[in-house]
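Take a look at the letters that make up each chain.
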Amino acid sequence: MRTLALLVTALAAASLAACGKDDESKGGQKVEIKLTDAGCSPLHVRLPAGPTRFDASNDGTDKATEFEVLQGDRVLGEKENLTEGLSGGFSLDLDPGRYQIWCGQGTPKGTLEVTGKASSAAAADPRLAAAVRG
Amino acid sequence: MLPTFVIGLREGVEAALIVGIIAAFLRQENRMDALRHVWAGVGVAVLLCAAVGVTLHLVDTDLPQRQQEGLETIVGLAAVGMVTFMIVWMRRHARGLRKELERNAAGALAQGSIIALVAMAFFAVLREGFETAVFLLAAFQSAANPGAAGAGAVIGVAVAIAIGWGIYRGGVRINLSRFFRLTALVLVLVAAGLLAQAAHTAHEAGWLNLLQDQALDLSWLIVPGSVTSSLLTGMLGLQPQPTVAEAAVYLLYAVPMAAYVLWPQRSRPRAPAPQTA
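These numbers were taken from a predicted model, which means no experiment stands behind them. (Residues numbered from 1 in each chain as written. Chains lettered and ligands numbered in written order. Predicted model: local features only at pLDDT ≥ 70, side-chain atom pairs only at ≥ 80, totals over all residues. Heavy atoms only, no water.)

**Observations concerning the interface of chain B and chain A**
Size of an interface: often given as the accessible area lost when the parts come together. To keep things clear, this is the line we draw: The contact criterion used is simple: two residues touch if any of their non-hydrogen atoms lie within 4.5 Å. Note on terms: buried area is the combined drop in 1.4 Å-probe accessible area of two parts once they are placed together, counting the loss on both. Here a polar contact is taken to be a pair of N or O atoms separated by no more than 3.5 Å, where protein atoms must pair a possible hydrogen donor with a possible acceptor and residues adjacent in sequence count only if both atoms sit in side chains. Labels follow the DSSP assignment, with helices taken as runs of H or I lasting at least four residues and strands as runs of E lasting at least two, numbered in each case from the N terminus. Amino acids are sorted into nonpolar (Ala, Val, Leu, Ile, Met, Phe, Trp, Tyr, Cys and Pro), charged (Asp, Glu, Lys and Arg) and polar (every other residue, Gly among them).
Contacts between chain B and chain A engage 37 residues on the former and 30 residues on the latter. In total, about 2,900 Å² of surface goes out of reach between chain B and chain A, with carbon and sulfur atoms giving 59% of it. Sorting the residues of chain B by area buried against chain A places Asp-62, Gln-65 and Glu-204 of chain B first, and these three jointly supply 18% of that buried surface. Connecting chain B to chain A are seven residue pairs in polar contact (both at pLDDT 80 or more). Contributing elements (two or more residues each) for the side of chain B that touches chain A: α1 (2-28), α2 (32-58), α3 (65-93), α5 (111-142) and α7 (176-204) of chain B. Per-element accounting of the side of chain B that touches chain A gives the leading share, nine residues, to α5 of chain B. In the side of chain B that touches chain A, the residues fall into 18 nonpolar, 12 polar and seven charged.

**Thoughts on the nonpolar core**
Formally: The definition of a nonpolar core used throughout is a set of buried Ala, Val, Leu, Ile, Met, Phe, Trp, Tyr and Cys residues joined through side-chain atoms within 4.5 Å. Partly exposed describes any residue whose relative accessible area lies between the buried limit of under 20% and the exposed limit of over 50%, with all areas from a 1.4 Å probe on protein chains only and scaled to the type maximum.
Counting residues in hydrophobic clusters, the biggest one holds 60 residues, and the most contacted among them are Ile-18, Ile-22, Leu-26, Val-38, Met-82, Ile-87 and Tyr-253 of chain B. Breaking this core down by element, the ones donating at least two residues are α1, α2, α3, α5, α7 and α9 (244-262) of chain B. Ranked by residue count, the leading element in this core is α5 of chain B, at 12 residues. In contact with Ile-22 of chain B, not counting residues within four places along its chain, are Val-38, Met-82, Leu-117, Met-120 and Ala-121 of chain B. Within the second largest apolar cluster, 28 residues are counted, among which are Val-45, Leu-86 and Cys-103 of chain A together with Ala-153 of chain B.

**Here's the deal with the environment of Leu-76 of chain A**
Tracing the sequence through the fold places Leu-76 of chain A in strand β6 (residues 74-79). Aside from chain neighbours lying at most four places away, what touches Leu-76 of chain A is Val-69, Leu-70, Gln-71, Leu-92 and Tyr-99 of chain A together with Arg-66 of chain B.

**A short note on the state of the cysteines**
What makes a disulfide is a covalent bond joining the sulfur atoms belonging to two cysteines. All names here are of chain A. To be explicit about the condition: Here, the term disulfide refers to a pair of cysteine sulfur atoms separated by no more than 2.5 Å.
Enumeration according to the criterion identifies one disulfide over all chains in this entry. Linked covalently through their sulfurs, Cys-40 and Cys-103 form a disulfide whose S-S length is 2.0 Å. Its S-S torsion of about 110 degrees marks the bond between Cys-40 and Cys-103 as right-handed, since a negative value means left-handed. With Cys-40 in strand β2 (residues 39-41) and Cys-103 in the loop between β8 (97-102) and β9 (110-115), this residue pair connects regions lying 63 residues apart in the sequence. Like Cys-103, Cys-40 is buried.

As structure tokens, this is what we get:
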């Protein structure tokens, strides 16, 4: 039981540490996405590279309850369980390129076009850039 | 109310299913001592999840989704191993056991396996619990209609617990060899579903990026947002639009295991197998 408690504490600490990362990138740009019956709105987004906070909110649909940013088949960020009236999001440090946005099964995939140079933070630190790219 | 109910039910039923199966199995093995530990572990897990949920809410941060999906993947894979172990164990032991031997069979289950089962129940609750706690708080706090949304989520979780309890009671009532025959196939489907689900969460955790094309469309059956979808996804791991990776691991597990379970056992007096399980 003690090992379990330790493991859980470690996990909780890791989770909170992971949350800390979100705060750092709050200085960047914000994108607001609305969940609608037809999927994400807007469905096509174009923005400059850099730290980006995605805020998804559901103003009244039961067709879409999540928001994802993907690159090809990779999920870069995701927020689930957004029922009517709920909102939430995540932060990503976006490099230039083409990404997809998606509001869950049964809705169409949209596009996210990121323009410009790599973000300053990533450019200044190649290791960070590598980490972001995964 | 319905959307939050569906999510509460789906998140809850995944944990309730695993805990219910473990509890019924331990009860069948007459391990009441271990069963008490299961309930204690579940209680501790629920409190932990509530604490983490409230803490995240107070410091106004989101649950890190990627780590959450990673946790779900690891616990899901462990659960596949556990259910497989139970299927094999029951296949070996259930048949030909006479009534009075059933009770002695308890001795065959090694202490290590018992501890693993208790730990599994604990982690099964943690796996869905963080997300559920965060969702419940959010539903009460910021939904357009907090009363209805919160009530829906709570009722969803309550129904999930009732289903888990039903599995436990139902599993206890039938005798050991019937328990095996009736549930072995269901367990194969559950484990295959857990595996497919692990492929799904591994993708969302960023670990699995291969074979992500849509394999088939089951959304006519598993209508997203419906009560049946939450039960089919929560209990059998079926997605409305499974990817090639999800469908592949599902079939790779389900087909051989179903064959293993259904293959008639030769009826011969066999030498007592070394009971190491």
